[in-house]
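Structural overview
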Amino acid sequence: MHTFTTEAKDTNSFKFLIFGDSQSGVATDPQYGPWKTTIQNSFKANPDAKFFVNVGDLVEIGQMYAHWNNWFDAAKGVIDTIPEMPVQGNHETYQSKNYDSAKPKDFVNQFVVPQNGPDSLKGQTYSFDYGNAHIVMLDSQEDEEEPVAGDIFRSTESMA
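Treat the numbers as computed from the prediction; the structure is a model and nothing was measured.

To continue, consider the nonpolar core. Judged by nonpolar contacts, the single largest core of 28 residues is most densely connected at W35, F52, F128 and M137. Those elements that place two or more of their residues in this core are β1 (17-19), α1 (33-45), β2 (52-54), α2 (65-75), β4 (126-130) and β5 (133-137).

What follows is the structure, encoded as C-alpha cells:
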C-alpha cells in the first residue's frame, strides 16, 4: 500500500532529484545497471526528495519495450514512492538499433504528466507547480523530431 500527501501552496523550500542519460548505452542488450545504482543510491541519500526529474534519454531505444521494462525495474522502490516528472530526449524517439526516429508514442504512453502543453506536444512538454515553484518541462529535440513531427519550435500554440 502506498500513500501520498500534497504539498502546501506556500512551500518555499523542497528537494527533488534530477537525472539525465539513464539509457543503457547498448541497443541490443538493454541492461540498466548503472541507472539502478544511480537512482537507488540517490534516493537512499535523499529520502526527503519530493519527486524526481529525468531530463531525457531515459532509455536507449524508446520504441522497444525491453528497454522500458528494464528501466522501470531498475527504478523500483523509488518510482513507486515519489513521482517521476520526465522529459524526453532524442533516444525516446528511436524505433530500432538503427536509431531511426518516430513520434515518441511509447514515451508519452508510459507517464501520466500534466496535459497543459501545446496540443501537438501533449505529454512531451508541460508545466506544473510545486509549492511556490513553477516548473516547465520542455522537449528540445527539434533536429530529430522535425521529419516526423514538424517544426516543434514554431508552434503557434501556447502553454497553459
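Past the structure itself, the notes keep going.
Right, let's get into the packing of aromatic side chains. To describe a pair of aromatic rings, you give the distance between the ring centres and the angle between the ring planes. Throughout the structure, instances matching the rule amount to 18 aromatic pairs. Between the aromatic rings of W68 and F72, the centroid separation amounts to 6.2 Å while the plane-to-plane angle is 40°, which identifies the pairing as tilted. With W68 and F72 both in helix α2 and four residues apart, this pair spans about one turn of that helix. A ring pair is formed by F72 and F111, whose centres lie 5.7 Å apart and whose planes are at 35°; its orientation type is tilted. Here the residue F72 occupies a position in helix α2, and F111 occupies one in the loop between α3 (105-110) and β4, the gap between them amounting to 39 residues. According to the relative accessible area criterion, F72 is partly exposed, its value standing at 21%.

What follows concerns the sheet that holds β2. If you trace the three strands from one edge of the open sheet to the other, you get β1-β2-β3, paired in parallel fashion. The open sheet has two free edges, formed respectively by β1 and β3 (84-86), since each of these has just one partner strand. Sheet twist, expressed as the mean angle between neighbouring strand axes with direction ignored, is 20°. Direction of pairing for β1 relative to β2: parallel, over a ladder of three bridges. Residue pairing in the sheet places L17 in a bridge with F52 of β2.

We now examine a nonpolar patch on the surface. On the surface, F16, I18 and V55 cluster together into a nonpolar patch covering about 270 Å² of accessible area. Positionally, F16 belongs in the segment before β1. Classification of F16 as partly exposed rests on a relative accessible area of 35%.

Working note: a packed helix pair is described by the angle between its axes plus the distance between those axes. Put simply, α1 and α2 touch, their axes get as near as 8 Å, and they point 30° apart. Here α2 runs roughly parallel to α1, going by the angle between their axes. Once α1 is placed against α2, the crossing between them reads as right-handed. Contacts between α1 and α2 involve W35, K36, I39 and Q40 on the former and, on the latter, W71, A74 and A75. Residue composition of the contact of α1 with α2, grouped by class: five nonpolar, one polar and one charged.

Cut-offs used in this document
- Residues numbered from 1 in each chain as written.
- Predicted model: local features only at pLDDT ≥ 70, side-chain atom pairs only at ≥ 80, totals over all residues.
- Heavy atoms only, no water.
- Core = buried A, V, L, I, M, F, W, Y, C linked by side-chain atoms within 4.5 Å.
- Buried < 20%, exposed > 50% of the residue type's maximum accessible area, 1.4 Å probe, protein only.
- Helix = DSSP H or I, 4+ residues; strand = E, 2+ residues; numbered from the N terminus.
- Phe/Tyr/Trp six-rings, centres within 6.5 Å; stacked < 30°, edge-to-face > 60°.
- Pairing = 2+ DSSP bridges.
- Axes fitted to C-alpha atoms, helices over the stretch in contact; angles between N-to-C directions.
- Patch = residues over 30% accessible without salt bridge, like charges linked within 9 Å, V, L, I, M, F, W, Y side chains within 5 Å.
- Areas by Shrake-Rupley, 256 points an atom, 1.4 Å probe, with all protein chains shown as cover.
- Salt bridge = Lys/Arg side-chain N within 4 Å of Asp/Glu carboxyl O.
- Parallel < 35°, antiparallel > 145°, perpendicular 65-115°, else oblique.
- Left-handed = near helix turned anticlockwise from the far one by under 90°.
- Contact = heavy atoms within 4.5 Å.
- Nonpolar A, V, L, I, M, F, W, Y, C, P; charged D, E, K, R; others polar.

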